[in-house]
Amino acid sequence: MLINVGAEFGNNLETSEIAVELIDILNKIDGDDFILDFKEVFYITMNFAQAYYNAKNESPKKISEINIGDEISVVMGAADEACNP
């Protein structure tokens, strides 16, 4: 299932609560595979990114990401490394 993150959660993802809410919603939806489309997301914080990867790692769902911009990719990459050494 494809989820447009920007349309559903906004273009600026700043808090860990948003990340946890996103994964909680996915955990409640039937289905095991989700693709999160970040094409409309222009800004994320490290707090969001770390909470996202922590919640993603605890989720039983298979979650992947597409269309991550360069600036967001840097933050997401650093958070992924921090959460998955």
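The preceding data block contains the structure.
Keep in mind that what you see is a predicted model, and the values were worked out from it rather than measured.

> A description of the side chain of Asp37 should follow, citing residues and the corresponding values.
Along the chain, Asp37 falls in strand S3 (residues 33-37). Buried within the structure, Asp37 lacks any salt-bridge partner; Lys39 is the closest side chain of opposite charge, at an N-O distance of 4.1 Å. Polar contacts involving the side chain of Asp37 include one to the main-chain amide nitrogen of Lys39, which spans 3.0 Å. Not counting chain neighbours up to four residues away, the residues in contact with Asp37 comprise Leu2, Ile3, Asn4, Val5, Gly6, Ile66 and Asn67.

> Go over the packing of aromatic side chains with me, naming the residues and quoting the values.
In this structure the tally under the stated criterion is three aromatic pairs. Both rings, one in Phe38 and one in Tyr52, keep their centres 6.3 Å apart while their planes meet at 85 degrees; by these two values the pair is edge-to-face. Taken as a pair, Phe38 in the loop between S3 and strand S4 (43-44) and Tyr52 in helix H3 (residues 46-58) lie far apart in primary sequence, 14 residues in all. In this pair, the class of Phe38 matches that of Tyr52, namely buried. Seen from their ring centres, Phe48 and Tyr52 are 6.1 Å apart, and the 15 degrees between their planes marks the pair as stacked. Taken together, the positions of Phe48 and Tyr52, both in helix H3 and four residues apart, correspond to about one turn of that helix. The class for Phe48 is buried, based on a relative accessible area of 1%.

> So what's going on with unusual backbone geometry? Residues and values would help.
Within the chain, Asn67 stands out as a residue other than glycine whose phi angle is a positive 55 degrees. As for its placement among the helices and strands, Asn67 is situated in the loop between strand S5 (62-66) and helix H4 (70-83).

Parameters at a glance
Residues numbered from 1 in each chain as written. Predicted model: local features only at pLDDT ≥ 70, side-chain atom pairs only at ≥ 80, totals over all residues. Heavy atoms only, no water. Helix = DSSP H or I, 4+ residues; strand = E, 2+ residues; numbered from the N terminus. Buried < 20%, exposed > 50% of the residue type's maximum accessible area, 1.4 Å probe, protein only. Lys, Arg positive; Asp, Glu negative; His and termini not counted. Salt bridge = Lys/Arg side-chain N within 4 Å of Asp/Glu carboxyl O. Polar contact = N/O pair within 3.5 Å; in protein donor to acceptor, adjacent residues only side chain to side chain. Contact = heavy atoms within 4.5 Å. Phe/Tyr/Trp six-rings, centres within 6.5 Å; stacked < 30°, edge-to-face > 60°.

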